[in-house]
Amino acid sequence: NAMLTWQRTAFHFQPEKNWMNDPNGPLFYKGWYHFFYQYNPHSAIWGNITWGHAVSRDLIHWLHLPPAMVPDQWYDINGVWTGSATFLPNGSIVMLYTGSTHQHVQVQNLAFPADPSDPLLLDWVKYSNNPILLPPHGIGPKDFRDPTTAWSAPDGTWRLAIGSKLNNTGISLVYKTSDFLSYELLDTILHAVHGTGMWECVDFYPVSLTDDDGLDTSANGPGVKHVLKASLDDDRHDYYAIGTYDAEKDMWRPDDAVEDVGIGLRYDYGKFYASKTFFDQKKKRRVLWGWIGETDSERADIKKGWASVQAIPRVVSFDVQTGSNLIQWPVHEMEKLRTSSERFKHIKLHAGSVIPLEVPMATQLDISVEFKIAKETLEETIEADASYNCSTSGGASGRGMLGPFGLLVLADQSLSEQTAVYFYVGRAADGNLQTYFCQDELRSSKANDVVKRVYGSTVPVLDGENLSLRILVDHSIVESFAQGGRRCITSRVYPTEAIYGAARLFLFNNATRAHVTATTIKIWQMNSAFIHPYSDQFESI
Ligand code: DQQ
């Protein structure tokens, strides 16, 4: 059971025990970051859904608080499901959430802080006239959930979006309200994508084209684009697209129809779902929370007494360099957990080599590496490899001329267990180089009840750029960022041998042709975050 204990994370958010899923209503209020989440207080599997609650000064160290809302009304007795917070101009908070009724119908409800002067927002009141919205005509009673944060429209009233589907078309409905008590369904929908199924946890927000600062959800105008995100119930990934919001018509259109919501970009190509952003007024940034589920068995989860973690909160911004994707980067506060570091320079990785990186411990790490492929190898490689696909490639053991190369994390000395994070470079049909970023879990664990995959996608690499990786290793989670956050991949892994002091770290180059140099390597040991259980003494903070 030392193995099961080891799997608990040190700096990724998780409750003290039991089941967690979606992030809910994240917000910053009177000096505290609030994080609510879908929680089962009674077991390590989904059910009895309640809003768990925790607060933090810095998004890293947390105080657990009592549940904010429990299923205790006819309109949410089968679950206090996902919702979002909206700040009114006077600074007060409106919380909208989905309730699953006594008849399992999905309805929308309203709640507010019982005592706005309490920075910890310990008590929540459900509105006496709940539910405020029932599934509209033509929408299935179980296809109507997860209200967004509201934004203000040019006419001075509010808008909010709710995900649904019509046949197999994923859609986002839009409602208009001036007081959050009565609502009007607009005849136009925000957006629809054929074949994408039910849209869960829709998120809709502006990004600035001119600077890195985040924008308030109501911001619009020149120099602003809008991101629409949907969590696809059918394939369990979070898809976003960047586009233009017409505030007069209440419709959004993707910049590039091929990269539309549900068929184009994902926030994360690994395990990452039901995410939600909020605007952090304190640091003028937009922060993304995402649920990282388990990929072991329910039996194992019950045995260990808990399930799921949250990704490290990520700052999201528009990538001005490519103009076609977001940048996601761990909040800078997490760098406070860095302790000692190891630095290496110019390590040559000959084709076919594996090189150990000596670090004191390899289970709580923040790793950053840059790679350079020798120019000659690039020029002489004519191989057309346009059809490479991380997921079907067979992973890090498959060999091509220019890849795979990267790191092996949570590996044991004999490499019998290893999680590979790597690049693979191919030549597309048009003759240009195409870079793929992949994460291979196939050998991550000897346990036989674990789902193991190879995840990944192409990643944009601009002229003159080196290839770069940042990898957060935290016991059973590997969260990786390529090219400064243009693409992300998160894995849950369950090593049986590569744990505690037996965990190792390696560089590898499994290419047949490419000589690769790891030009700079920085590896930080990471402290554990303080995660405090709740006690009444916090009420006096
Ligand atoms: N989880 C919630 C729903 C949401 C789903 C229920 C997404 O509101 O659609 O726990 O994971």
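Just above sits the structure.
Residues numbered from 1 in each chain as written. Predicted model: local features only at pLDDT ≥ 70, side-chain atom pairs only at ≥ 80, totals over all residues. Heavy atoms only, no water.

Draft legend 1. Local environment of the side chain of Arg-145. Considering the arrangement of structural elements, one finds Arg-145 in the loop between strand 8 (124-126) and strand 9 (151-152). The class of Arg-145 is buried, set by a relative accessible area of 7%. Engagement of the side chain of Arg-145 in a polar contact is seen with the side chain of Gln-106, the distance being 3.0 Å. Discounting residues that sit within four places of it in the chain, Arg-145 has contacts with Trp-81, Thr-98, Gln-106, Gln-108, Ile-162, Gly-163, Met-198, Glu-200 and Asp-233. (Helix = DSSP H or I, 4+ residues; strand = E, 2+ residues; numbered from the N terminus. Buried < 20%, exposed > 50% of the residue type's maximum accessible area, 1.4 Å probe, protein only. Polar contact = N/O pair within 3.5 Å; in protein donor to acceptor, adjacent residues only side chain to side chain. Contact = heavy atoms within 4.5 Å.)

Draft legend 2. Focus on the sheet that holds strand 32 (residues 467-474). Here 6 strands make up an open sheet; going across it, the order is 25-36-27-32-33-34 and the pairing antiparallel. The sheet is open, and its two borders are formed by strand 25 (338-349) and strand 34 (487-492), each paired with just one other strand. Adjacent strand axes in the sheet meet at a mean angle of 15° when their direction is disregarded. Note that strand 32 and strand 33 (residues 477-482) share 6 bridges and pair antiparallel. Looking across to strand 33, one finds that Ile-471 is bridged to Ser-480. (Pairing = 2+ DSSP bridges. Axes fitted to C-alpha atoms, helices over the stretch in contact; angles between N-to-C directions.)

Draft legend 3. Region of the structure containing the side chain of Arg-487. Relative to the helices and strands, Arg-487 resides in strand 34. Reaching out from Arg-487, the side chain makes a polar contact with the backbone oxygen of Thr-458 at a distance of 3.0 Å.

Draft legend 4. Here's a closer look at the pattern of salt bridges. Inspection of every chain in the model, using the stated rule, returns 28 salt bridges. Across the salt bridge formed by Asp-246 and Lys-249, the nearest N and O atoms sit 3.6 Å from each other. Here Glu-333 makes a salt bridge to Arg-285, at a shortest N to O gap of 2.7 Å. Of this pair, Glu-333 sits in the loop between strand 24 (326-330) and strand 25 while Arg-285 is found in strand 20 (residues 285-292), placing the two residues 48 residues apart along the sequence. Judged by its relative accessible area of 5%, Arg-285 falls in the buried class. Here the residues in one salt-bridge network are Glu-294, Asp-296, Asp-301, Lys-304 and Arg-492, joined through shared partners. (Salt bridge = Lys/Arg side-chain N within 4 Å of Asp/Glu carboxyl O.)

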